[in-house]
Amino acid sequence: MPHPLLDKWQQGHGVSSKPTGYWKPGKPAPYGSLEIPMCYGEESCDYWENYYTQHNRHILLMFITWGLIAFMLLMAAFITGYRRTGNKVQRQAVKDEERSTIATAGSTYQAWSASCRRHLLSQPFMGILPSMTRLQALLVLLLVVYAILFSFIGIVYKEWVNPTTPPGRRIGFNKFVGDRTGMLALPQKWRPLKFFTDHNTSSTVFSLVTGISYQNFNLLHRWVGRWIFVFIFVHALLWSVELGFMYQPQPTRYRNTWKKHYLKWGVGAAALVTYLFLHSFSAVRKRTGYEFFRKTHEVIAVLFLGACWGHWPEMREWMIAGIVVVFLDRTVRYARVFFIHMNWTSSERGPFGLRSFEGTISRHYDTEDNTDALVLRLTNATVKYDAGQHFFLTFPTMSLFESHPFTPASARSREETGPFYEQFYIIRVCNGQTKRLAKYCKDPGVEYPMPTVCSGPYGSSNILDAGAENVQFIAGGTSVSFTLPIAMKIVAEARQDRPRIAARRVDFVWIVRRGKNVDWIREELNKLKRGAHVAGVDLHIRTFITREGCKSEKEVESIPASPAESLAGATGVDPEKEIEIQAVSAEKEVMATTSSVSTAGVEQETDWLQDHHPQVREIVKGFWEERCIRGRVQVLASGPPSMAGELRGAIAECNVPEMVKRGEERGAVGCHWDAREY
C-alpha cells in the first residue's frame, strides 16, 4: 500500500504541495511553512511524515513544560497564602491566650515545614554542591532530569536512506534529538523563565506571590542558563555529525552548509552563550568586576536573542517576545527612576524638576586590617521601602552609567510621618566604584556631600515570619545592614496597638573585626535598645570582635569610674544616650574577656575572640535551647558564604517535627539567608 504522502505527491504531478491529507485542521505550524519537498518513494515520505510529527511534538512538550511551571508557581502561592492566614490566626490566639482548634489550624503545616527543613536545609551529601542546600540541589537535579527526559521522550529512533549520490543517511537520533535540544536552548522556552528568575527584575513580584526568596530564584536563573549552554552544544554536535558525516556527498555538502547564513548565526549564538556561561561562576565575575559583568550580561543576552532569530527566522515570534520583555523591563525600571526623582511642584521636597537625593558619605578606615567601610546617609529620600529590601544606587558625580545594589540599614516605622524616608547604608569598599568613593572621602570620619539616584526597591517585603515569637539575627561585617532594619521594624511594631508581628524575644548577633567598627551603627543600636525597652521586647545584643583580644587590667582601669562612663567603656556606647534606657549599678564589674550590661528586657554583651570566628552552630543552638520558651522561631542571617553552611546545618538540627505535633511550636525554626555575593 503506497504511503499517503506519496499519493499526495503523485496527485500533484511532481509538484510540492501542503500535506493536507496528513495535517489535521487546526494544528499549528511550529516551524513556519508546511511545504513538503518532493518525496522519492516510501522511505522518503516516511521520513517527512516523522519530521513534521516530531516538530508538533516539540511544541506540545513546550506547552506541557509551561503548564508545569505555572502549576508550581500557583502551588507555591497557595502555600504562602495558607501560611500567612495561619500566622494571623495564631497571633490572634496568642493575644487572646487561648489554644482552640482554630488557633492550631496551621500546626500540621508547621510540622510538615519543620520536617522539610530538618532534612533539606543542610548541605548536600558527600560535599556535592557545597554552596547549596539539599532542597536547592534537589531542584537542580529535577531540572536536569526533566531536561534530559524532554530531550529523548517521543523521539523516532530510525534510520532512513537519503536518495543522493552516493546514498546518504538520515539518523533520527541526530536530527530529532538535535532539534529537541535546540528548542530547549532557544529563547522561546527558557529565556522567559530566565527573565522571571532574574533577581533584578520580576523576581520581586514572584517572591511576593510565592514567598520564595530572590536568592533561590537567582540560583534557578544561573542553572537554567548553564543548561542552555549545554543543550546548545549538544544541538551543535548532533547536527554537525549529521551534516558532516551522514549527508552525502562529502565534503561538498558540509562546505556548502557552512556558506549558509543560519549556520553562521548559530555559531555566533554559541559564542555568546559561552560568554554568559563563563560569567555564571563567581570566580570569573570577581575578576571582571560587578559592573562589567552586569552591563555586558544584559547586552550579550539581547544579542543572543538576535542571533537565535538569525539562526532560525521561522521561530522569530518567540525571539521577538523575549526581546520585547527585556526592553519593557528596562523601560519600566527607568520610568520608576524618573517618577521617584521627579518633583512635580515646588514644596518642602525641593523645586520643580528632576533632582537627586541629597546625601552625605563618610569613610571608616581600619589601618590595622587595611580595610575600608563607607557610611552613606540620604536624609531627604522620598521612596517607600520595607526592611530587608535593596536599591540600585547611582552616584552622578562619579558616573551616570553605573549602579550597584545596596541594602538600607534603616527602616521607617508606621508611627513616623512626613514626606521623607531616611536611608542609611553601610558599604564595604572593594574595587571599582566603591574604591573611587573611598578616594573621594579624603579624611576618615568626615562627612562629604554625595548626591544619589535610587532605583527600587527590589526584593521581597515578606522576609520576616510574622507568626514567629522568637527571632534571631546573625550578621557578619557590613551585612548588618540587612539584619538591623528588620530588628528595628520588630521593635517599632511592638509599640503599636495592633502589632502585625508576634516577635517578643529578639537575639541580635553581630560579628565584626574590631571594636571600633561598632561606630558604624552606634546611633542605630541605641535607638534599637531604647525602643525595645519602651515596647517591652526581650532584646539581647551580642557583638563578637574577632581580631582583638582581652582588655588588659590597665586599659580597664583607665576607664572613668562613674556609672555612665563605665557603661560607655564596657559597651562602646554614648553615655548620654545609653543612660536614658539603662539603670546601671555602680558596683557593676567589667570582665576582662567579656563586657556585659543588662537592663529590664535589654541585654548587651561583647565577646573578644582575638584571632578566630565564633561557632555559629553554638550561637543558634544556644538561643534555641535557652531563650526560646514558646512559639515559633526564625533565624535571619547574612554574611560571607562560608558562614551559610554551618548556619543552615544548625537550624536543620533545631527543627523537630515531633515537638510541633505535641504542641511545642519552638520545634519549627525558620531560616532566611540573605546572600551578599553576586
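Here the structure is a predicted model, which means the values were calculated and not measured.

Attention now moves to the packing of helix H20 (residues 616-626) against helix H21 (residues 641-654). Put simply, H20 and H21 touch, their axes get as near as 8 Å, and they point 30° apart. Considered as vectors, H20 and H21 are oriented roughly parallel to each other. Here H20 and H21 pass one another in a crossing that is right-handed. Where H20 abuts H21, its residues Val616, Arg617, Val620, Lys621 and Trp624 lie against Met643, Glu646, Leu647, Gly649, Ala650, Ile651, Glu653 and Cys654. Tallied by class, residues from the contact of H20 with H21 come to 8 nonpolar, 1 polar and 4 charged.

In terms of residue burial, strand S18 (residues 669-675) counts as a mostly covered element, since 6 of its 7 residues are buried. Two elements, strand S17 (residues 633-639) and S18, share 7 bridges in a ladder whose sense is parallel. Across the sheet, residue Ala637 finds its bridge partner in S18, namely Trp673.

Before going further, it helps to examine the packing of helix H15 (residues 480-494) against helix H16 (residues 522-535). Packing of H15 against H16 leaves a shortest axis separation of 9 Å and a crossing angle of 25°. As the angle between them shows, H15 and H16 are arranged roughly parallel. Considering the relative orientation of H15 and H16, their crossing is left-handed. Residues Leu484, Ala487, Met488, Val491 and Ala494 of H15 form the contact with H16, whose participating residues are Glu524, Leu525, Leu528, Gly531, Ala532 and Ala535. Of the residues assigned to the contact of H15 with H16, the class counts are 9 nonpolar, 1 polar and 1 charged.

With that out of the way, let us pick up unusual backbone geometry. Between Gln248 and the following residue, Pro249, the backbone shows a cis peptide bond with an omega angle of 0°. By secondary structure assignment, the location of Pro249 is in the loop between helix H8 (214-246) and helix H9 (252-258). Residue Pro251 follows Gln250 across a cis peptide bond; omega there is 0°. Relative to the helices and strands, Pro251 resides in the loop between H8 and H9. A positive phi angle is found at Gln610, which is not glycine, with a value near 75°.

In this structure the tally under the stated criterion is 18 salt bridges. Note that Glu653 is salt-bridged to Arg617, the shortest N-O span being 2.6 Å. In this pair, Glu653 sits in helix H21 while Arg617 sits in helix H20, placing the two residues 36 residues apart along the sequence. A relative accessible area of 36% places Glu653 in the partly exposed class. The class of Arg617 is partly exposed, set by a relative accessible area of 30%. The closest approach of N and O atoms between Lys621 and Glu653, which form a salt bridge, is 3.4 Å. Pair noted here: Lys621 is in helix H20 and Glu653 is in helix H21, with a separation of 32 residues, a long-range link. A network of salt bridges, in which partner residues are shared, links Glu469, Arg505 and Arg630.

Secondary-structure assignment places Leu437 in helix H14 (residues 433-440). Under the relative-accessibility criterion, Leu437 is labelled buried at 0%. Sequence-distant contacts of Leu437, defined by excluding residues within four places in its chain, comprise Ile361, Leu374, Phe395, Met398 and Met450.

Moving on, we come to the pairing of strand S14 (residues 538-545). Within S14, 6 of the 8 residues are buried, leaving the element largely enclosed by the surrounding structure. Two strands pair when backbone bridges link them, and strand S13 (residues 505-512) and S14 are joined in this way by 8 bridges, in the parallel orientation. Looking at S14, one finds that Val512 is bridged to Ile545. With H16 bridging S13 and the parallel S14, this β-α-β connection has right-handed handedness. In this structure, S14 lies alongside strand S16 (residues 602-608), joined through 7 bridges in parallel fashion. Its bridge partner lying in S16, Leu539 is registered against Val602.

Attention now moves to the nonpolar core. By size, the foremost hydrophobic cluster in this structure holds 41 residues, and its most contacted members are Phe473, Phe508, Trp510, Ile521 and Leu528. If you list the elements that add at least two residues to this core, you get strand S6 (371-378), strand S9 (423-428), strand S12 (470-476), H15, S13, H16, S14 and S16. Sorting elements by how many residues they give to this core places H15 first, with 9 residues. Setting aside chain neighbours within four positions, we find Trp510 in contact with Ala475, Gly477, Val480, Asn517, Val518, Trp520, Ile521, Arg542, Thr543 and Phe544. In terms of nonpolar packing, the next biggest core, distinct from the first, is built from 33 residues, Leu61, Ile232, Ala270 and Phe277 among them.

With that settled, consider the packing of aromatic side chains. On inspection of all chains with the given rule, the structure shows 17 aromatic pairs. Aromatic side chains Phe229 and Phe277 sit 4.0 Å apart centroid to centroid with 5° between the ring planes, which places their arrangement in the stacked category. Within this pair, whereas Phe229 is found in helix H8, its partner Phe277 is found in helix H10 (residues 261-278), the two being separated by 48 residues in sequence. Using a relative accessible area of 16% as the deciding quantity, one classes Phe229 as buried.

With respect to topology, 3 strands assemble into an open sheet ordered S8-S7-S11, the strand pairing being antiparallel. For this open sheet the edge positions go to strand S8 (404-406) and strand S11 (453-458), each flanked by a neighbour on one side alone. The average angle at which neighbouring strand axes cross in this sheet is 30°, direction not considered. Pairing geometry for strand S7 (residues 390-394) and S8, over 3 bridges, is antiparallel. Within the sheet, the bridge partner assigned to Phe391 lies in S8 and is Phe406.

Moving on to the side chain of Ser122. Along the chain, Ser122 turns up in the loop between helix H3 (107-120) and helix H4 (134-152). By relative accessible area, which is 13% here, Ser122 ends up buried. Those residues in contact with Ser122 that sit more than four places away from it in its chain are Met132, Thr133, Arg134, Arg648, Gly649 and Ala652.

Let us now look at the sheet that holds strand S5 (residues 359-366). Strand order in the open sheet formed by 4 strands is S9-S6-S5-S10, and the pairing between neighbours is antiparallel. Sheet topology places S9 and strand S10 (448-449) at the edges, where each strand pairs with a single neighbour. Of the pairings in the sheet, the one linking S5 to S10 comprises 2 bridges and is antiparallel in character. Of the residues in S10, the one forming a bridge with Ile361 is Tyr448. Along the sheet, H14 makes contact with S5, S6, S9 and S10, crossing S6 at roughly 80°.

Rules used in this analysis
Residues numbered from 1 in each chain as written. Predicted model: local features only at pLDDT ≥ 70, side-chain atom pairs only at ≥ 80, totals over all residues. Heavy atoms only, no water. Axes fitted to C-alpha atoms, helices over the stretch in contact; angles between N-to-C directions. Helix = DSSP H or I, 4+ residues; strand = E, 2+ residues; numbered from the N terminus. Parallel < 35°, antiparallel > 145°, perpendicular 65-115°, else oblique. Left-handed = near helix turned anticlockwise from the far one by under 90°. Contact = heavy atoms within 4.5 Å. Nonpolar A, V, L, I, M, F, W, Y, C, P; charged D, E, K, R; others polar. Buried < 20%, exposed > 50% of the residue type's maximum accessible area, 1.4 Å probe, protein only. Pairing = 2+ DSSP bridges. Salt bridge = Lys/Arg side-chain N within 4 Å of Asp/Glu carboxyl O. Right-handed = clockwise from strand over helix to strand, strands pointing away. Core = buried A, V, L, I, M, F, W, Y, C linked by side-chain atoms within 4.5 Å. Phe/Tyr/Trp six-rings, centres within 6.5 Å; stacked < 30°, edge-to-face > 60°.

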